[in-house]
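Here's the letter readout for the chains.
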Amino acid sequence: GGVAILNNSNFSAETSFQPGNFINLAIKQCKFEKANFQDVRIDEELLIENCSFKSIDLYVEHAKKITMKNSTVYGDGQMVFDAYAAKIENVLIDSCEFYNNGEAFFVAGGIDPDNESETSYVNKSIVIRNSKIPFLRSVYVNSTSYNLEGCMIDLADFNHSRFGSFTIKNTKINRSINF
């Protein structure tokens, strides 16, 4: 694996990073149709900053940290944002805007839905801050720490999840929250 930087670029077709193996991957000021990180391994950090996407699939094989800042995801009619939190140690979403077109913003995984008594993976932290998310779906998550700070959310679903600590601070949830 190595270090890769994508800066100020446009990708008009689906962009797949698989099967990638990176130490660090920085993506700044880029525009994507669809970005696919499925099964990618990132030893340290995936940094996404000032980017726009129709959709993004973050079902990575492993990542120590995923940081997404000042970015927008519009949705493509099937998916907006999909991250498998069980394989990511630390997730930070900061000052991002997500549109739904009927799809959910997913940060999920860590508990086996077929056997909830077994712990498959534990995520260290999920922080979503200063972001707009119409439908947040964090189901079957097993995280030491989950924080929502300064967000605007219409619907939130945390069904079948386990958290060491869970904090909602200065966040507006307009319609409903489900635990």
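Residues numbered from 1 in each chain as written. Predicted model: local features only at pLDDT ≥ 70, side-chain atom pairs only at ≥ 80, totals over all residues. Heavy atoms only, no water.

On to the overall build of the protein, then. A count of helical and extended segments in the protein gives 0 helices and 18 strands. Counting only contacts in the protein whose residues sit at least 6 apart along the sequence, the fraction spanning at least 24 positions is 32%. Total accessible area on the protein stands at roughly 8,400 Å², and carbon and sulfur atoms take up 43% of it. Counting 17 positive and 22 negative side-chain charges, the protein places the averaged centre of each group 6 Å from the other. (Helix = DSSP H or I, 4+ residues; strand = E, 2+ residues; numbered from the N terminus. Contact = heavy atoms within 4.5 Å. Areas by Shrake-Rupley, 256 points an atom, 1.4 Å probe, with all protein chains shown as cover. Lys, Arg positive; Asp, Glu negative; His and termini not counted. Charge placed at Lys NZ, Arg CZ, Asp CG, Glu CD.)

Strand order in the open sheet formed by 8 strands is E1-E3-E5-E7-E10-E13-E15-E17, with parallel pairing between adjacent strands. Either end of the sheet is taken by a strand with one partner, and the two such strands are strand E1 (2-7) and strand E17 (162-169). The average undirected angle you get between the axes of adjacent strands in this sheet is 5 degrees. Both strand E5 (residues 41-49) and strand E7 (residues 62-69) contribute to a ladder of 7 bridges, which runs parallel. (Pairing = 2+ DSSP bridges. Axes fitted to C-alpha atoms, helices over the stretch in contact; angles between N-to-C directions.)

Attention shifts here to the packing of aromatic side chains. Applying the stated criterion across every chain, the model contains 17 aromatic pairs. A ring pair is formed by phenylalanine 11 and phenylalanine 32, whose centres lie 4.7 Å apart and whose planes are at 10 degrees; its orientation type is stacked. Residue phenylalanine 11 is found in strand E2 (residues 10-16), and its partner phenylalanine 32 is found in strand E4 (residues 31-36); the two are separated by 21 residues along the sequence. On the basis of an interplanar angle of 20 degrees and a centroid distance of 5.5 Å, the ring pair of phenylalanine 158 and phenylalanine 179 is categorised as stacked. Taken together, the positions of phenylalanine 158 in the loop between strand E16 (152-157) and E17 and phenylalanine 179 in the segment after strand E18 (172-178) put the pair 21 residues apart, joining distant regions of the chain. The class of phenylalanine 158 is buried, set by a relative accessible area of 1%. Exposure remark for phenylalanine 179: the relative accessible area of 56% places this residue in the exposed category. In textbook terms, an aromatic cluster arises when at least three aromatic residues are bridged by ring pairs, as seen for Phe11, Phe17, Phe32, Phe37 and Phe53. (Phe/Tyr/Trp six-rings, centres within 6.5 Å; stacked < 30°, edge-to-face > 60°. Buried < 20%, exposed > 50% of the residue type's maximum accessible area, 1.4 Å probe, protein only.)

Keep in mind these numbers describe shape, not what the thing actually does.
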